[in-house]
Amino acid sequence: ATGVIGVDVGGTNVKVGLLTEDGNLHYSTYFKTQSHRSPEVILADVADAVAQVQQQARADGLSVDGVGMGVPATTDLAQQHTLIMPNFAAGWFEFPAAEVLGNRTGLRVNLINDARAFVLAESKLGSGQGCSNVFGIVLGTGVGGGIVVNGRLYLGSSGLAGEFGHYIIDPHGVRCGCGSVGCLETVASAPALVASVMRPLLHGRSPILYDMVEGDLNALTAEHISRAAREGDTVCLEALQHVGEALGIATASVAVLIGPERIVVGGGLVGACDILFPIIETTWQRHAVVLGDHLPQLVTAKLSDPGVIGAALYARQVLEEMPVNTS
């Protein structure tokens, strides 16, 4: 029997595990990323964790076919380099991460963006199971996305297909961290939601929220905002309405373009889905009329380690697509 090792490099933790052909994850382990460290040092720790998992697999008579590594970065798929990796130390730009980890482990390594990995995992083994065409969204510190078409992860010519956070929602909007103007991420990420309530909060228009954080604005999170909204705080309801409408317009456009059967939503902001989903669906009634009865199903993610599973699934997809050497 064989398996593929999945690695999920997060801002806080790096998780590693072996995915077997039956879709189960084994020998899961994790360590603190300490993202201020250099890529070489972090990848040395990743290599140790991979070796540990490989050793456990061998002891159980399992061979390892390769490694998939999900990273919170844009990637150059042809070169297998990381490019822009926010919230990490300098040094990841054009860094040959797959080659470095491959040399340290002796295994074939494939890099994939972490949001794409999430979507692939959810489409195969999570909330998108049974559907051939799935669009996935991660709502957190940023906004990520990915596309599964006919059961395969679709990456486009650049590997950037599905970069949903940089869908343009407002051509006159604010400048995004990526350098563009009016990206969805400037409206629908957790930090954008928090920023949007700051001014009314300072003006005393959101007493429920103010009491909730005991006047400490630095303690304010997206979760506080959704809790206050459920308690009837109008400022927070308006802020979530704005996020929901932006997501509704963006997903309506995606649905018209690629026709997914399901849209799977995960990430930290998914805690507000009871408020956001009805707003998204109402927005569809206005902006996705052309789809008639073919609107996608909107569902929340359900896997506990989609990053590890998706990275492993992607490495397996690459292995399956490699030409067979018949000579």
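Residues numbered from 1 in each chain as written. Predicted model: local features only at pLDDT ≥ 70, side-chain atom pairs only at ≥ 80, totals over all residues. Heavy atoms only, no water.

1. Considerations on the pairing of strand 4 (residues 63-71)
The condition that has to hold: Each residue is assigned to one of three classes by its accessible area relative to the maximum for its type, calculated with a 1.4 Å probe on protein chains only: buried under 20%, partly exposed between the two thresholds, exposed over 50%. In DSSP terms, a helix is any run of H or I states spanning at least four residues, a strand is any run of E spanning at least two, and both are numbered starting from the N terminus. Whether two strands pair depends on DSSP finding at least two bridges between them.
Across the nine residues that make up strand 4, a large majority, seven, are buried. For strand 4 and strand 7 (residues 109-113), the ladder comprises five bridges, and the chain directions are parallel. Residue pairing in the sheet places valine 67 in a bridge with valine 109 of strand 7.

2. A closer look at helix 7 (residues 222-230)
The condition is simple: Residues are treated as being in contact if the distance between any of their heavy atoms lies within 4.5 Å.
Looking only at helix 7, the buried set comprises Ala222, His224, Ile225, Ser226, Ala228 and Ala229. Turning to helix 7, the residues buried within the fold contact helix 5 (190-202), helix 6 (207-212), helix 8 (234-258) and helix 9 (273-287).

3. Side note on the pattern of salt bridges
What counts here: Basic side-chain nitrogens of Lys or Arg form a salt bridge, by our definition, when they fall within 4 Å of a carboxyl oxygen of Asp or Glu.
Going through the model one piece at a time under the given rule, you end up with seven salt bridges. The closest approach of N and O atoms between lysine 15 and aspartate 305, which form a salt bridge, is 3.3 Å. Placement of lysine 15 in strand 2 (residues 13-20) and of aspartate 305 in the loop between strand 12 (297-300) and helix 10 (306-321) is noted, with a sequence separation of 290 residues between them. Residue classification places lysine 15 among the partly exposed residues on the basis of a relative accessible area of 30%. One salt bridge connects glutamate 320 with arginine 152, and the closest N-O pair in it is separated by 3.3 Å.

4. What to know about the packing of helix 8 against helix 9
The line we're drawing: Axis lines are fitted to C-alpha atoms, over the contacting stretch for helices. Their N-to-C directions set the angle, which ranges from 0 to 180 degrees. Angle categories are assigned with fixed cut-offs, so that under 35 degrees is roughly parallel, over 145 is roughly antiparallel, 65 to 115 is roughly perpendicular, and the rest are oblique. Crossings are sorted by hand: turned counterclockwise from the far helix by less than a right angle, the near helix makes the crossing left-handed, and turned clockwise it makes it right-handed. When residues are grouped by polarity, Ala, Val, Leu, Ile, Met, Phe, Trp, Tyr, Cys and Pro land in nonpolar, Asp, Glu, Lys and Arg in charged, and all others, Gly among them, in polar.
Between helix 8 and helix 9, the shortest axis-to-axis distance is 8 Å and the interhelical angle comes to 50°. With respect to helix 9, the element helix 8 is oriented oblique. Judged by the sense of rotation from one axis to the other, the crossing of helix 8 with helix 9 is right-handed. Contacts between helix 8 and helix 9 involve Leu240, Gln241, Val243, Gly244, Glu245, Leu247, Gly248, Ile249, Thr251 and Ala252 from the former and Ile275, Leu276, Ile279, Ile280, Thr283, Trp284 and His287 from the latter. Grouping the amino acids of the contact of helix 8 with helix 9 by side-chain chemistry returns 10 nonpolar, six polar and one charged.

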